[in-house]
Amino acid sequence: MNKILVIDDDAPVRLMVRKSLEQYGYEVIEANDGQLGLEMAREHNPDTILLDIMLPRTSGIDIFHSLKESLKKTPVIFITSGTDSATAIETMRMGGYDYVTKPLNLPALAKVVASAVESRRLMNTPVAIYAENPKDHPADLFVGSSSQMVEVFKTIGRIATQNVTALIRGESGTGKELVARAIYQYSSRSNEPFIAVNCAAIPDQLLESELFGHEKGAFTGADRRRIGKFEQCDGGTIFLDEVGDMSPLVQGKVLRLLQEQRFERVGGNETIQTNVRIIAATNCQLEKMVEEGEYRADLFYRLNQVSVLLPPLRDRGGDVEALLKFFLSRQRIELGKHEVEGISLDALNILKSYPWPGNIRELQSVLRHALLNTTGTVIVPTALPKEILSSTTLSPSSDFQSSKPNIQTSSTLSSFSTEESSQFSLASSTSYPEHSLDTTHVDQNRLGYSNEPVESIVDFVNDKLQSGSTNLYAESVELLERFLIPYVLQYTDGNQSKAAEILGITRGKVRDRIVTFGIRLDKNVSIASE
């Protein structure tokens, strides 16, 4: 049974919280001041602590700091009397799991407590990915061992020492500049300058000046001579990112530089000789742009002497896990989240199943978000951005077959699994507190589409009566919902609106049950056991 500690000097509040949470099967212990609460926390090691900020003698903030020294993995939910933003910001900044305000909304409090208890459980499960010492790897290290990336590494090795122009192609966020830097670092020009220019980030009228420089008075605001990147980079390597965004004028000047290694500054007549190696990158279909007259064919051919194709992250298999470990090791230091040890298995499975449309750049952003949201030592699913969770909760397949699933039960929770031929299923990545329904003794063949649904309910009710349940109605309703809602969602091919219409409830309630039961589309319709 999950144990909740309530530290509050207000006796009616403690009583109200205890009565409310006990209905959900929690064991509630109480303390009427901070020091007693601290002692009870260390003695009982509760799953979650409810802590009032305004306590006599010692403030809740001070108690919180003491709790974090010895109970780092225990979520602390603050109880506040006010609703000012400063209090909320401060409690969350210190690492509080959440905060609730008086007068307490008991149903909402129960949800926060359930979430905190689940977070505590996940933090005590084995970590799937551990952070490493970032000093073990250089900042520009290529991470990945997939076959696609091995081919990229081979290409870099073949062309690095050759003085040829290279065109790096791939979706946004795949790491094109990292490839350009690798080519430079392994080239004979590695001791010379390397300059990167994002052609899409500079307005057309300024890009020409940025690359080639300008003379004083060349245009309004040109109050002095400016040396351009090609001149600065003489003898070195220049990386032109997003070359598909260059204007026709700049395209012509870059083509001439590639052909002759000569150019003139904007507004100048002096021809300047240079010696630069150009590495270009784009996420555009340059061939199509050439066909449509938007890009010079001769420039495309000169840039595309050697092509390096970077695969999107979704096609790189196990590289996601390696990249998560790599960036976790760095970002936990950058953000001062030294206490975060790693990523839980449940969170890792969600991250590995996500398609990553923004590629590595998005992965870095998501991991940073998760670190900032983590209040314990392990990144758990609740710390991930909502868009990540929602994208992996339901992913209906267009090939869905209306075959009925064969529903079975696992040791502690109902488990719904489809036949192997099903194209999709609804599964749960979460487990539930000990007060959740226990179907250990229910016949595995009776909770499905058998001819004995009545007997299976009778068995369940009898088990609960024998165990002395005092919450039988809610437990029976939950049993039905765990069976009914995944089944109807599968029938509607994951369409929540249609499922709500069939069930006769609101779409919001369907969405709430999806979150509560952790329903998601997978290969098997199941609610996994702990």
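Per-residue pLDDT for the protein chain averages 79, and the proportion of residues at 70 or more is 79%. When the elements of the protein chain are averaged for pLDDT, strand β16 (residues 406-409) gives the smallest value, 30, and strand β7 (residues 166-169) the largest, 96. Within the model, the stretch residues 393-455 combines pLDDT values under 50 with 187 contacts to residues more than four positions away or in other chains. Residue range residues 523-530 is modelled with pLDDT below 50. Its contacts to residues more than four positions away, or to other chains, number 40 contacts.

Leu211, Phe230, Leu240, Val254 and Ile278 are the most contacted members of the largest nonpolar core, which totals 30 residues. At the level of secondary structure, the elements contributing two or more residues to this core comprise β8 (194-198), α8 (204-212), β9 (237-241), α10 (248-260), β12 (277-282), α11 (286-291) and α12 (297-303). Per-element accounting of this core gives the leading share, five residues, to α10. If sequence neighbours within four positions are ignored, valine 254 has contacts with Leu211, Phe212, Leu240, Met246, Ile278 and Leu299.

As a further point, take the environment of isoleucine 77. If you trace the backbone, isoleucine 77 turns up in strand β4 (residues 76-80). Classification of isoleucine 77 by relative accessible area gives buried; the value is 0%. Through-space distance from the C-alpha of isoleucine 77 to that of aspartate 98 is 4.9 Å; in sequence the pair is 21 residues apart. Sequence-distant contacts of isoleucine 77, that is, excluding residues within four places in its chain, are made with Thr48, Ile49, Leu50, Leu51, Tyr97, Asp98, Tyr99, Val100, Val112, Val113 and Ala116.

Moving on to the packing of helix α2 (residues 34-44) against helix α3 (residues 60-70). α3 packs onto α2 with a crossing angle of 15 degrees between their chain directions and a minimal axis gap of 10 Å. As the angle between them shows, α2 and α3 are arranged roughly parallel. When you trace α2 past α3, the crossing you get is right-handed. Between α2 and α3, the residues in contact are Gly34, Gln35, Leu38, Ala41 and Arg42 and Ile63, Ser66, Leu67 and Ser70, respectively. Residue composition of the contact of α2 with α3, by class: four nonpolar, four polar and one charged.

With that settled, the discussion passes to unusual backbone geometry. Residue proline 103 is reached from lysine 102 by a cis peptide bond, and omega for that bond is -5 degrees. Among the secondary structure elements, proline 103 is positioned in the loop between β5 (98-101) and α5 (106-123). Even without being glycine, arginine 57 reaches a positive phi, approximately 70 degrees. Residue position: arginine 57 is located in the loop between β3 (48-52) and α3. Given a relative accessible area of 73%, arginine 57 falls into the exposed group. Even without being glycine, glutamine 261 reaches a positive phi, approximately 55 degrees. Mapped onto the elements, glutamine 261 comes out in the loop between α10 and β10 (262-264).

What follows is about the pattern of salt bridges. On inspection of all chains with the given rule, the structure shows 26 salt bridges. Between arginine 256 and glutamate 264 there is a salt bridge, and its shortest N-O distance comes to 2.6 Å. Residue arginine 256 is classed as partly exposed on the basis of its relative accessible area, which comes to 26%. The exposure class of glutamate 264 is buried, given its relative accessible area of 17%. Salt-bridge contacts for aspartate 298 lead to arginine 296; the nearest nitrogen and oxygen are separated by 3.0 Å. Salt bridges sharing partners connect three or more residues here, namely Glu215, Arg225, Glu231, Arg265 and Glu270.

Attention now moves to the sheet that holds strand β13 (residues 306-309). Strands sit in the order β8-β9-β12-β7-β13 across an open sheet of five strands; the sheet is parallel. Every other strand in the sheet has two partners, leaving β8 and β13 as the edge strands with one partner each. Each strand axis lies, on average, 20 degrees off the axis of its neighbour in the sheet, ignoring direction. The sheet contact formed by β7 and β13 spans four bridges and is parallel. Bridging from a neighbouring strand, isoleucine 168 pairs with valine 308 of β13.

Each value, and the rule that gives it
Residues numbered from 1 in each chain as written. Predicted model: local features only at pLDDT ≥ 70, side-chain atom pairs only at ≥ 80, totals over all residues. Heavy atoms only, no water. pLDDT = per-residue confidence, 0-100. Helix = DSSP H or I, 4+ residues; strand = E, 2+ residues; numbered from the N terminus. Contact = heavy atoms within 4.5 Å. Core = buried A, V, L, I, M, F, W, Y, C linked by side-chain atoms within 4.5 Å. Buried < 20%, exposed > 50% of the residue type's maximum accessible area, 1.4 Å probe, protein only. Axes fitted to C-alpha atoms, helices over the stretch in contact; angles between N-to-C directions. Parallel < 35°, antiparallel > 145°, perpendicular 65-115°, else oblique. Left-handed = near helix turned anticlockwise from the far one by under 90°. Nonpolar A, V, L, I, M, F, W, Y, C, P; charged D, E, K, R; others polar. Salt bridge = Lys/Arg side-chain N within 4 Å of Asp/Glu carboxyl O. Pairing = 2+ DSSP bridges.

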